[in-house]
Amino acid sequence: MDATSPDPALLRGLTRPRRRDVFRLTGLAAAGLALSACGVEGKKAPPAGKSEVERFWAGKVKNGRLDFANWAYYMEAEGKSYPLLDRFAKESGITVTYKEVIEDNPSFFGKVEPQLRSGQSIGYDIIVITNGVEFGKLKALGYLTPLDHSKLPNFLKNAGPQYQRRSYDEGNVYSVPYTSGVTGIAYNTKYVDWEITKIADLWDPRLKGKVGMMSDPQELGNFGMFLGGVDPERSTPADWKKAGERLQEQRDKGVVRKYYEQDYITAVAKGEVWACMAWSGDAFQEVLKGNKDLRFVVPAEGATIWTDNMLIPKGAANPVDAITFMDWLYQPQNAAELLEYIQYIAPWDGLKDVVKAHAAEAKGEEKAHLEKMVQSPLVFPTAEDLARFRGYRNLTPAEEKEFRSVFVPVVEG
Amino acid sequence: MRRVRAALAPYLLVLPGGLWLTVFFAVPLLAMLSLSTQEGNLVEGFRQTFRLQNYVDAVTLHWEPLVRSLLYGLATTAAAIVIGFPLAYWIAFKGGRRKSSYLFLILLPFFVSFVIRTISWKFLLTDEGVLLGPLKDAGVLPQGFHVLATDFAVIAGLTYNFLPFMVLPIYVALERIDPRVIEAAYDLYASRTQAFLRVVFPLALPGVFAGVLMTGVPAASDFVNASVLGGVDNTMIGNVIYNQFRASEYPMGASLSFILMALMLLGIFSYARALGTEDVLEVAAR
């Protein structure tokens, strides 16, 4: 060090505050920048036109593999293999990787949304989403692949009218139904020795602390609206408010034990709750498992029919394999086999003959179960029954906000 | 060259951790802070409007679960001290050669997933389950009696799940007490109670404080216990936040998260002040 260079201590003293200021300033600037830039951009997509379908499907080929994301209890399993999917592999040469990863619509949507937003593949070629808020978001955000109808001959030929015309996907642009079911009431006759027939029965003080309701705002809200004689599909914000008050009253009376996501069926089976809002197939599967005390009723005031739909998300690696499977599922034998396990509403009435034929061949318990199924108005509803079931209201983002602000506080208290 | 390296050393040491925290903690935190004052919805996008009303809405709409969570966190912490202190004391002073085995036993539940442990509680405590079913049939308990869906069930579940985080720091603090200090107390005619109250307990307080940090804070923001063991009136703020994000109501979820964070920092710092602990962070690091 020579004499001209300043004392290092002095230098440090001089620069330190400045250095600190610089850090501070850059920190603040970065924070400010981040605060203003972190907005989540909207991705509103225009509706798919015919040319878009052609453009997408041109040059796409079969890859021999398919990744399928579905809900639990939606496919019969034997050990680790799925007989129906094995048969599909044999007939089509497409190997299916099947995963039961969807627990409910909003959680699954939340999981895949960031990937879809950044244009990445989510690793699945088919996902199953219920008609409702998340379906609407996927559609509006442009995360779905428009379907090529020339690849869906069986669906277009066989599917019943309720599947060909769906208000949430007019013209079957993006979706092919997997199955439909009814939201009703399940109750345990071991504890309830009277008959439950209507929604109003869930306000009965005899069931104090023993009623389970669903936490999903639309499911819950629909029950409140039916109780007041309102058709949920044509409901107005004023109707929502009134329904919310009714549901709040039910909660305040101490009747409700819990608002369930989807784990209600063991709770009813074990007697934790005695009566519960339930999806038809869940209840029937529980009965099939040997629970003889469980009853399922379609409420007298009315009930909604929901549909779980197969969709091909944007960025899917094997779209041709996916659409091949969707259509394959609408061949009578395959549809019947699926139906006999999941026990929801038949995709078309003609399947009754196939199931009857299966029943004639079957023996013992299997035969009894199939014969009972053919008789069930909830598997083979008449056209009148179907007309009585109501749909879900399609909510715009603004409406959804208002809808949630009415029914979510009932659940969260 | 060596001087340069020596000067760089501290920065190099802090680089991995600093980078990790910047990328995975500071950046998301800033993004959340930004989201908390935005407006909009997922489809049309969220825009930054610096809308502080979000915070007001969050409190007016959700004050009940917010207060409940803080109370649950408090109750859990208190229960964990009451159960955990004697346990840690016993291991530290009476554990003998087996100390590490006992500590291992305390950590053993961690080898099973948090969620599975909580669900197994539900199985155990359900209304007509293995525990309550026979008691009801024998007429010991009334038919309508239930444990699930009560404040007790949620607080008990929280206490069970966070207890090791209370036991371990208290154990460490007690273990570090020089036995000669206690002997000195006896030499000065202190009774056993006095020796405990005036020597052992004060020296264990930093451990208790670290335990409070590690149980109270996560307990108040937990949502698993409330959703598995709780019922209609046990919703915690963690459940509310989770549902807000699930429904893509990002601004509401973000502002609730920040309110929770602020309340907890406030609680911890006032506790530290009441305790006379000079430096919260230093104690927490012990």
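Chain B carries the name ABC transporter permease in an unreviewed UniProt entry, which gives Bailinhaonella thermotolerans as its organism. In UniProt, chain B has this text filed under Sequence similarities (unreviewed entry): "Belongs to the binding-protein-dependent transport system permease family. CysTW subfamily." The heading Subcellular location (unreviewed entry) in the UniProt record of chain B holds the text "Cell membrane".

Taking an unreviewed UniProt entry as the reference, chain A is identified by name as Spermidine/putrescine ABC transporter substrate-binding protein belonging to Bailinhaonella thermotolerans. The record held by UniProt for chain A lists under Subcellular location (unreviewed entry) the comment "Periplasm".

Chemist: Outline the overall build of chain A, listing residues and values.
Modeler: Looking only at helices and strands, chain A features 17 helices and nine strands. Expressed as a percentage of its 413 residues, the buried residues of chain A come to 41%. Sequence-distant contacts, at least 24 apart, represent 78% of the contacts inside chain A between residues at least 6 apart.

Chemist: So, the overall build of chain B: which residues are in play, and what are the values?
Modeler: Regarding its fold elements, chain B presents 12 helices and two strands. By sequence separation, contacts in chain B at least 24 residues apart represent 69% of the contacts at least 6 residues apart.

Chemist: Give a detailed account of the domain arrangement of chain A, specifying residues and quantitative values.
Modeler: Residue and element names in this part refer to chain A. Parsing chain A into structural domains produces domain 1 (50–180 + 306–385) and domain 2 (182–305 + 390–412). One C-alpha centre belongs to domain 1, the other to domain 2; they are set 26 Å apart. Facing 16 residues of domain 1, the contacting portion of domain 2 comprises 17 residues. For the side of domain 1 that touches domain 2, the per-class residue count stands at seven nonpolar, seven polar and two charged.

Chemist: If you had to explain the interface of chain B and chain A to someone new, which residues and values would you point to?
Modeler: Contact residues are listed per partner, giving 32 residues for chain B and 31 residues for chain A. Elements with a contribution of two residues or more to the side of chain B that touches chain A: α1 (2–35), β1 (38–41), β2 (45–48), α2 (53–94) and α10 (237–246) of chain B. With five residues, α1(B) is the largest single contributor of residues to the side of chain B that touches chain A.

Chemist: Which residues make up the nonpolar core, and what are the values?
Modeler: Generally speaking, a soluble globular protein has its nonpolar side chains buried in company with each other. If you look at the biggest cluster of nonpolar residues, it comprises 149 residues, and the most contacted ones within it are V268(A), A275(A), C276(A), A278(A) and I170(B). Of the residues forming this core, the biggest block, 14 residues, is contributed by helix α6 (residues 151–175) of chain B. Viewed by domain, this core spans two of them, domain 1 (50–180 + 306–385) and domain 2 (182–305 + 390–412) of chain A, each represented by three or more residues. Leaving out residues up to four positions away in the same chain, C276(A) has contacts with A186(A), V211(A), G212(A), Y264(A), A267(A) and V268(A).

Chemist: An account of the UniProt feature "domain: ABC transmembrane type-1" (unreviewed entry) in chain B is requested, with residue identities and associated values reported.
Modeler: When the UniProt feature table is mapped to this numbering, "domain: ABC transmembrane type-1" (unreviewed entry) covers residues 66–271 of chain B. Secondary structure across residues 66–271 of chain B divides into 76% helix and 0% strand, with the first and last C-alpha atoms of the span separated by 19 Å.

Chemist: Lay out unusual backbone geometry in plain terms, naming residues and giving numbers.
Modeler: You will see that N172(A), though not glycine, has its phi angle at about 50°, which is positive. Locating N172(A) in the fold gives a position in the loop between α7 (161–164) and β4 (175–188). Under the C-beta neighbour-count criterion, N172(A) is labelled buried, with 20 such atoms within 10 Å. A positive phi angle, near 50°, is found at F50(B), a position not held by glycine. The topology assignment puts F50(B) in the loop between β2 and α2.

Chemist: For helix α7 (residues 179–187) of chain B, give the residues involved together with the corresponding values.
Modeler: Taking burial as the measure, the nine residues of α7(B) include zero buried ones, a minor fraction of the element. After α7(B) finishes, the residue Y189(B) shows a positive phi value of roughly 65°.

Chemist: Quick one: what's the story with the UniProt feature "transmembrane region" (unreviewed entry) in chain B, residue by residue and with numbers?
Modeler: Using the residue numbers shown here, the UniProt feature "transmembrane region" (unreviewed entry) corresponds to residues 12–33, 70–90, 102–124, 144–174, 195–217 and 254–272 of chain B. Taken end to end, residues 254–272 of chain B has its terminal C-alpha atoms 27 Å apart, with 100% of it in helix and 0% in strand.

Chemist: Give a detailed account of the environment of G84(B), specifying residues and quantitative values.
Modeler: Relative to the elements of secondary structure, G84(B) occurs in helix α2. Along the sequence, G84(B) and Q244(B) sit 160 residues apart, while their C-alpha atoms lie 35 Å from each other.

Chemist: So what's going on with the pairing of strand β3 (residues 126–130) of chain A? Which residues, and what values?
Modeler: Residue and element names in this part refer to chain A. Burial analysis of β3 places five of its five residues in the buried class, which makes it a mostly covered element. Taking every second residue as pointing to the same face, both faces of β3 are buried, with I126, V128 and T130 on one and I127 and I129 on the other. In the sheet, strand β1 (residues 65–71) pairs with β3 via two bridges, with the strands oriented parallel. What sits directly across from A69, in β3, is I127. In this structure, β3 lies alongside strand β9 (residues 305–311), joined through four bridges in antiparallel fashion. Looking at β9, one finds that I129 is bridged to N309.

Chemist: Kindly report on the packing of α2(B) against α6(B), identifying the contributing residues and their values.
Modeler: Residues and elements named next belong to chain B. At their nearest, the axes of α2 and α6 sit 6 Å apart, and the two run at 45° to each other. In this view, α2 runs oblique relative to α6, as classed from their interaxial angle. Here α2 and α6 pass one another in a crossing that is right-handed. Here the contact of α2 with α6 is composed, by residue class, of 22 nonpolar, three polar and one charged.

Chemist: An account of the packing of helix α8 (residues 217–227) of chain A against helix α17 (residues 397–412) of chain A is needed here, citing residue identities and associated values.
Modeler: The description of two helices packed together rests on the angle between their axes and the distance between the axes. Residue and element names in this part refer to chain A. α17 packs onto α8 with a crossing angle of 90° between their chain directions and a minimal axis gap of 9 Å. Compared by their axis directions, α8 and α17 come out roughly perpendicular. Between α8 and α17, the contacting residues are P217, L220 and G221 on the first element and F403, R404, F407, V408, V410 and V411 on the second. Broken down by class, the residue content of the contact of α8 with α17 amounts to seven nonpolar, one polar and one charged.

Chemist: Give me the lowdown on the environment of M214(B), citing residues and values where you can.
Modeler: Residues and elements named next belong to chain B. Locating M214 in the fold gives a position in helix α8 (residues 192–220). A sequence separation of 164 residues divides M214 from F50, and the C-alpha atoms of the two residues are 33 Å apart. The residues touching M214, leaving out its near neighbours within four places in the chain, are F165 and P169.

Chemist: With reference to specific residues and values, describe the environment of G157(B).
Modeler: All names here are of chain B. Examined against the element boundaries, G157 turns out to sit in helix α6. G157 gets classed as buried once you count the C-beta atoms within 10 Å, which come to 25. Once the C-alpha coordinates of G157 and W121 are considered, the two residues, 36 residues apart in sequence, prove to be 7.8 Å apart. In contact with G157, not counting residues within four places along its chain, are T118, W121, N225 and L229.

Chemist: Could you give an account of the confidence of the model for chain A, naming the residues involved and the relevant values?
Modeler: Chain-level pLDDT for chain A is 89 on average; 88% of the residues reach the 70-or-more range. In this model, residues 13–17 of chain A is a region of pLDDT below 50 whose contacts with residues beyond four sequence positions or in other chains number zero contacts.

Thresholds applied
Residues numbered from 1 in each chain as written. Chains lettered and ligands numbered in written order. Predicted model: local features only at pLDDT ≥ 70, side-chain atom pairs only at ≥ 80, totals over all residues. UniProt positions renumbered as here; feature names shortened; annotations may be inferred. Helix = DSSP H or I, 4+ residues; strand = E, 2+ residues; numbered from the N terminus. Buried ≥ 20, exposed ≤ 12 C-beta atoms within 10 Å, placed from the backbone. Contact = placed C-beta atoms within 7 Å. Domains from an automatic or database assignment. Nonpolar A, V, L, I, M, F, W, Y, C, P; charged D, E, K, R; others polar. Core = buried A, V, L, I, M, F, W, Y, C linked by C-beta atoms within 7 Å. Pairing = 2+ DSSP bridges. Axes fitted to C-alpha atoms, helices over the stretch in contact; angles between N-to-C directions. Parallel < 35°, antiparallel > 145°, perpendicular 65-115°, else oblique. Left-handed = near helix turned anticlockwise from the far one by under 90°. pLDDT = per-residue confidence, 0-100.

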